[in-house]
Amino acid sequence: MSEKMWGGRFAAGTDRLVEAFTASIQVDRRLYAEDIRGSMAHARMLGRVGVLTEAEVEAIVTGLAQVRQEIVEDRLPFVDALEDIHMHVESRLTEIIGDVGKKLHTGRSRNDQVATDLRLYTRGGLDDLVRGLQHLQNVFIDLAEREVETILPGLTHMQVAQPISFGHHCMAYVEMFHRDTQRLLDARRRVNVLPLGAAALAGTTFPIDRWDVARQLGFEAVAENSLDAVSDRDFVMEVLSDLAILAVHLSRLSEELILWMSAPFGFIDLPDGFCTGSSIMPQKKNPDVAEIIRGKSGRVIGDLVAILVLMKGQPLAYNRDNQEDKETLFDALDQMRASVEIMGRMLPGLQTRPDVMRAQAERGFATATDLADYLVRKGLPFRDAHAVVGRAVRLAQERHIGLEALPLADLQALSPLIDGEVYAVLVLEGSLAARDHLGGTAPRQVQAAIQRARERLQREAL
Ligand code: ARG
């Protein structure tokens, strides 16, 4: 029965519903290690400033270690009545060590406590993800090296544009995932700020030493303003923004893998262990892993939108709304960590089909720009060269052959500037090799890019 004054009018069931509704333990239980670490640091600091005795600190720290052990071993029951992880840890601590446990919460509030826990957790999650992304970059670099000489028809508007090195295409993803790691590491500096000491919102009457706690927990800074410290979730919004961008990158990659593996393309094959079959169509080998990763982008973008909207209407300082911040963050971190890991395991088994890619590049007149550039080098203005090549393409198309198969006489009829050496620029290898500058697709440039990327990764490795 409710102890509330108006309790008689309400069924006991309402209380249980509200209890279940407001409890966050099933979500925030995963913060236990951070919560206990934060509490230990807080207790030690309280000891150093003389608020707790040495014996009290000792009892609290030892008791907290035991609570942690019980949670690790799954021996601590989580119940809605105790709301959240903070209450579970404190109440179990008090059961173990007695009344001294009740002193732990001196000079702090769950408001600065939860913000501290969440920042610690986010920091760890970022570090894991950055390591995963660095591994994924290595996987792409290895793949690029293996496929430097493999020719892929590069597309714009999904139409054959110019031939490129498959390795060059791989290295584009290295750049994308490198930016993702840089974004996350940049966000990390703003995550790594200590809110503890703000207490409920205004600070505390005890002579706390916030830098002591910051040093113990590895925070690089202490939040300047107590109101901001408890109400700020910019770090969640920021990390989720970065994760949403990462999810979009992974989705674009997945989309390419899915297209390339489809029969009409036939550019690649993905390893059996990362594909699944159809229950009705025996011939099917579906790239489900890539499809699911593409699908995760919707979810992570949703997580970002959820936190932005969650924060939008909140006045300072802490509001219970903030309890809803964790599910989105945990979900996005989980999904991206798993996606990055599985992508890194799948890609080394990717097989290319160079013959198919070559045939498509030839059918698509991928060296047309090379022919135009050739005419420009002979003195023709680019716009006129463009027109000449356009006519050459039409001719080749009518005869169902590639540009390189047009007889010299026919080419010369289109422009007298053309001579027998033209065929060197019409072959795919010549087209690649000619784009020989920083950032270009010439295999030797791709090789140099691979070298630079390897060095960069080594420099920046966590
Ligand atoms: N479970 C809460 C959360 O996640 C902890 C903070 C609760 N603070 C409070 N004043 N009720 O935000």
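Residues numbered from 1 in each chain as written. Predicted model: local features only at pLDDT ≥ 70, side-chain atom pairs only at ≥ 80, totals over all residues. Heavy atoms only, no water.

- An unreviewed UniProt entry lists the protein under the name Argininosuccinate lyase, with Acidithiobacillus ferrooxidans as the source organism.

1. Quick notes on the nonpolar core
And then number 1: Residues F140, F177, L243, L246, L257, I268 and L347 are the most contacted members of the largest nonpolar core, which totals 98 residues.
And then number 2: Tallying contributions element by element places helix α10 (residues 234-261) first for this core, with 15 residues.
And then number 3: Each residue touching F177, except ones within four places of it in the same chain, is listed here: L133, L136, Q137, F140, L246, H249, L250 and L253.
And then number 4: With 20 residues, the next largest nonpolar core counts F365, V393, L406 and V425 among its residues. (Core = buried A, V, L, I, M, F, W, Y, C linked by side-chain atoms within 4.5 Å. Buried < 20%, exposed > 50% of the residue type's maximum accessible area, 1.4 Å probe, protein only. Helix = DSSP H or I, 4+ residues; strand = E, 2+ residues; numbered from the N terminus. Contact = heavy atoms within 4.5 Å.)

2. With respect to the site of the ligand
And then number 1: The immediate surroundings of the ligand are formed by S24, D28, D84, H86, R110, N111, V114, Y318, Q323 and K326.
And then number 2: One nitrogen or oxygen atom from the side chain of N111 is found 3.0 Å from a nitrogen atom belonging to the ligand.
And then number 3: One of the side-chain N or O atoms of Y318 is found 2.3 Å from an oxygen atom in the ligand.
And then number 4: Across the complex, the protein chains shield 86% of the 350 Å² of accessible surface that the ligand would expose by itself. (Near = heavy atom within 4 Å. Polar contact = N/O pair within 3.5 Å; in protein donor to acceptor, adjacent residues only side chain to side chain. Areas by Shrake-Rupley, 256 points an atom, 1.4 Å probe, with all protein chains shown as cover.)

3. With respect to the layout of surface pockets
And then number 1: The volume enclosed by the largest pocket comes to roughly 360 Å³.
And then number 2: Taken together, 18 residues form the lining of the largest pocket, with V160, Q360, R363, G364 and F365 sitting closest to its centre.
And then number 3: Contributions of two or more residues to the lining of the largest pocket are made by β1 (151-156), β2 (159-165), α13 (354-363) and α15 (382-398).
And then number 4: No other element matches α13, which puts three residues into the lining of the largest pocket.
And then number 5: By residue class, the composition of the lining of the largest pocket is 10 nonpolar, six polar and two charged. (1 Å grid on protein atoms, 1.4 Å probe; cavity = no way out; pocket = protein on both sides within 12 Å on 5 of 7 lines; lining within 4 Å. Points joined across faces, edges and corners; volume = space filled by probe spheres on them. Nonpolar A, V, L, I, M, F, W, Y, C, P; charged D, E, K, R; others polar.)

4. Considerations on the packing of helix α6 (residues 110-146) against helix α12 (residues 325-346)
And then number 1: Two elements in contact, α6 and α12, have axes separated by 9 Å at closest approach and are oriented at 15 degrees. When the axes of α6 and α12 are compared, the pair comes out roughly parallel. Like other packed secondary-structure pairs, α6 and α12 cross with a definite hand, here left-handed. In this structure, α6 contributes V114, L118, Y121, T122, G125, D128, L129, G132, L133, H135, L136 and V139 to the contact, and α12 contributes D325, K326, L329, F330, L333, M336, R337, V340, M343 and G344.
And then number 2: Counted by class, the contact of α6 with α12 contains 13 nonpolar, five polar and four charged residues. (Axes fitted to C-alpha atoms, helices over the stretch in contact; angles between N-to-C directions. Parallel < 35°, antiparallel > 145°, perpendicular 65-115°, else oblique. Left-handed = near helix turned anticlockwise from the far one by under 90°.)

5. Points about α6
And then number 1: Between its terminal C-alpha atoms α6 stretches 53 Å, which fits the 54 Å expected from 37 residues at 1.5 Å a residue.
And then number 2: Across the 37 residues of α6, 27 count as buried, placing the element largely inside the fold.
And then number 3: Residue S109 occupies the N-cap position of α6, its side-chain oxygen lying 2.8 Å from the main-chain nitrogen of N111. (Expected span 1.5 Å × (residues − 1).)

6. Some words on empty space enclosed by the protein
And then number 1: On inspection of all chains with the given rule, the structure shows two cavities of 30 Å³ or more.
And then number 2: For the largest cavity, the calculated volume is near 60 Å³.
And then number 3: Taken together, F140, L143, F166, H169, C170, Y173, L253, L257, W260, L347 and L350 make up the lining of the largest cavity.
And then number 4: At the level of elements, α6, α7 (166-191) and α10 are the ones that each hand at least two residues to the lining of the largest cavity.
And then number 5: The residue makeup of the lining of the largest cavity, split by class, is 10 nonpolar, one polar and no charged.
And then number 6: When its volume is computed, the second largest cavity comes out at roughly 40 Å³.
And then number 7: Together, H42, M45, G107, L194, L196, G197, I208, R210 and V213 line the second largest cavity.
And then number 8: Elements supplying a minimum of two residues to the lining of the second largest cavity: α3 (32-48) and α8 (210-217).
And then number 9: Classifying every residue of the lining of the second largest cavity gives five nonpolar, three polar and one charged.

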